[in-house]
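# Overview (structure and organization)
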Amino acid sequence: MVFTRRPAAVLTAIVAACAMAISLTACTTDANSQDTADDRTTVTSSAPGVVAMFTPSDGITLNQQTPLNKWAKLTPNLTKALTSAGFKKGDISHTTSDSLDKQSRAIQDYVVNHLSGSNTTDDAGIVISPDNITLLVAPVVEADASTRQYGDYVSQELSTADTAEGSDSTDSSDSSNSSDSSDSSTGSDSTDDSSSDASKTVGDSKNAAQAEAVDRLVSSLKLAKESGMHVVLMGNSIKGYKPDAFVRFSDAQAIGKLQAEKIVSKLELSKASKDNPKYIEVLMPYTAVDESGEASDSTFAQEAFRGIWQVLGAYYQKGVVESPSGTLNGNSTEDDWQSVAYDASKEGSTAKVLDARLAKADEHASPTRIDGIIAMNDYIASEVVTELDDLGYTGSAADINPQITISGIVGNITGKKDLSRSDVPDPIKSPEKDDSADSTDSADTQDDSTATDKTDKTKDSQWPLVTGYGAYVSNIPSIVNGKQWMTGIEDRQTLAENIAEACALLNKGQTLTSMSSVRNTEVGGKKKVPTISGPLLAVSASNLKVTLIDPGYISLADAGL
């Protein structure tokens, strides 16, 4: 600011005011330290600072069924947790993007604007120092229809492996071949070649654009870190990039393992025997071909099955668990995911697969006995429930424990009473394999045989345990009535609180070693990355009130109550 032709008295007053300001500043040395320049105040590391969130736009699941694991559900929890941690609402921003290209540009603009000084102050005129800024970034990663059914938080890795290198020469060669063939082929063949070339060109262009977006994102995040900003990646990692911290949500192995562990516990497989085994089917939905007609990445299905087999494999090998369809047996390994996989993108595919696996010996036979079905996600679970009803299975998961009734479940959810549990009675030997009974009395034997036959048919048609994941709001009533036994969900509130604590520590220049939820892991090929994680929540009718209703994730109306 330049002053000309001002009276000496004015200059004296200004000097006096500056001296007073300096004196006041000296008196508040222990308070938040601030530097004054050009009528702006720079916030130092003792202040909470700023958090900028960048998340993908929510995807749309099939039939508009909505899982609770959505970005739109997490960000309000994050905002609340950040304000509780001392951040001002005006210092918390959120940007959503429906593509990596748009997201990388948004992050680039944010970083460049703050470093160039064009967007460095808040409404109070406070200059935000880079080391007081944390970027919370959930990279946009394309997922096929099957993967999207698990919600938005499934961890994947962003890679630059798919590039358009060599596409120019390939396109040139293809163009030449197309020209040569056009002279000697029919019009129909020429049309097919043109379609193929066009499809390939689109694919190459898409890969090139993706690689460019990844490079832009990585460059922007590196620039942010070099300037002093902090970068926390959420959900999806970037190959070769090391953030200040990583938030690990659910992954394929964890989802598969959760469902298998709950099946083991509920069916008490540790007490099962070869003479009276439990019957379990595993459904592994995946998308065989992507939208461009190319083979989809099956990594998720492979990892999910690996998580299941790490838990159930030993029971199949002991012979205490069998697959009615024979898709899995004691000789199966964690690499045999294709034995239980099917293309879920085809309409009615789940019903067809389940119908084939539980096929009756003949039309007059009772339903095939099945104790548990791992359906992987709630969308598939809803199709399983419908098909089981069509196949003649009766009852619900509540019948597996006689002391838990539907009315008891409802009473527990509405807070009227607690549930009491007892062990499920199940003989070591199945009736058809028990030859120890005395058969001297033929009349008694005939009566016993008739009673046993009725018991067997009832057991065969007993509704099995059906597992899923995603806590679809549309599936909650099925969980309440016991048709779907359990689902899974991220503990959003706890994760949000941990993320907010990490942001506050980073903005203060502190490490995350004091956080119990943080441990060093390998992320994107980089070792010793502070990683925030937490156990998945298994939700069933018995704990639905505590896990979903009390935290406000769903309402009583959502539960059909």
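Above this note sits the structure.
Figured I'd write up the structure that's included with this text. Just so you know, these numbers come straight off a predicted model, no measurement behind them.

### Considering the overall build of the protein chain
Across its full length, the protein chain carries 15 helices and 20 strands. A burial count over the protein chain gives 43% of its 561 residues as buried. Partitioning the contacts of the protein chain with sequence separation of at least 6, the portion at a separation of at least 24 is 75%. As displayed, the protein chain offers around 27800 Å² of accessible surface, 48% of which is attributable to carbon and sulfur atoms.

### Notes on the packing of aromatic side chains
This structure, assessed with the given rule, holds eight aromatic pairs. Seen from their ring centres, F54 and Y110 are 5.8 Å apart, and the 80 degrees between their planes marks the pair as edge-to-face. A residue pair is termed long-range when its members are at least 10 positions apart, and F54 in strand β3 (residues 50-56) and Y110 in helix α3 (residues 100-116) qualify at 56 residues. This pair shows no difference in class: F54 is buried, exactly as Y110 is. In this arrangement the basic side chain of K318 is found over the ring face of Y315, its NZ or CZ atom lying 5.7 Å from the centre. Just above the ring of W463 sits the side chain of K483; from NZ or CZ to the centre is 4.0 Å.

### Let's talk about the side chain of N475
Along the chain, N475 turns up in the loop between β16 (465-467) and α13 (476-480). Apart from the residues lying within four places of it in its own chain, the contact partners of N475 are Q65, D378, A381, S382 and Q484.

### A look at helix α7 (residues 252-266)
If you check α7, its first and last C-alpha atoms are 22 Å apart, about what 15 residues at 1.5 Å a residue would give, namely 21 Å. Taken together, the buried positions of α7 are A252, I255, G256, L258, Q259, A260, I263, V264 and K266. The inward-facing, buried residues of α7 abut β11 (278-282), α8 (299-318), β15 (372-374), β16, β17 (486-489) and β20 (537-540). E268, located one to two residues past α7, shows a positive phi value of around 50 degrees.

### Focus: the sheet that holds strand β19 (residues 526-532)
With mixed pairing, seven strands are arranged side by side in an open sheet as β4-β3-β6-β8-β10-β19-β18. The sheet terminates laterally at β4 (92-97) and β18 (518-523), the two strands that pair on one side only. Sheet twist, expressed as the mean angle between neighbouring strand axes with direction ignored, is 30 degrees. In the sheet, β18 pairs with β19 via five bridges, with the strands oriented antiparallel. Looking at the pairing, R519 lines up with T531 of β19. Lying over the sheet, α3 contacts β3, β4 and β6 (133-137), oriented at roughly 165 degrees with respect to β3. On the sheet, helix α14 (residues 492-507) packs against β3, β6, β8 (230-234), β10 (245-247) and β19 and is oriented at approximately 145 degrees with respect to β6.

### Quick look at the pairing of β19
Each regular strand carries side chains that alternate between the two faces of the sheet. Pairing geometry for β10 and β19, over two bridges, is parallel. Directly across from F246, in β19, lies its bridge partner T531.

### With respect to a positive patch on the surface
Among the surface-exposed residues, K222, K242, K526, K527 and K528 lie close enough to one another that they form a single positively charged patch. No other element matches the three residues that β19 contributes to the positive patch. Take K242: it is sitting in the loop between β9 (237-238) and β10.

### Points about the pattern of salt bridges
The tally for this structure, following the rule as stated, stands at 13 salt bridges. Note that R306 is salt-bridged to E334, the shortest N-O span being 3.3 Å. Of this pair, R306 sits in helix α8 while E334 sits in the loop between β13 (321-322) and β14 (341-343); the two residues are 28 residues apart in sequence, bridging distant segments of the chain. For R306, a relative accessible area of 17% corresponds to the buried category. The exposure class of E334 is partly exposed, given its relative accessible area of 31%. Here the salt bridges do not stand alone but share partners, grouping D101, R105, E212 and R216 into one network.

About the thresholds
Residues numbered from 1 in each chain as written. Predicted model: local features only at pLDDT ≥ 70, side-chain atom pairs only at ≥ 80, totals over all residues. Heavy atoms only, no water. Helix = DSSP H or I, 4+ residues; strand = E, 2+ residues; numbered from the N terminus. Buried < 20%, exposed > 50% of the residue type's maximum accessible area, 1.4 Å probe, protein only. Contact = heavy atoms within 4.5 Å. Areas by Shrake-Rupley, 256 points an atom, 1.4 Å probe, with all protein chains shown as cover. Phe/Tyr/Trp six-rings, centres within 6.5 Å; stacked < 30°, edge-to-face > 60°. Lys NZ or Arg CZ within 6 Å of the ring centre and 35° of its normal. Expected span 1.5 Å × (residues − 1). Pairing = 2+ DSSP bridges. Axes fitted to C-alpha atoms, helices over the stretch in contact; angles between N-to-C directions. Patch = residues over 30% accessible without salt bridge, like charges linked within 9 Å, V, L, I, M, F, W, Y side chains within 5 Å. Salt bridge = Lys/Arg side-chain N within 4 Å of Asp/Glu carboxyl O. Lys, Arg positive; Asp, Glu negative; His and termini not counted. Charge placed at Lys NZ, Arg CZ, Asp CG, Glu CD.

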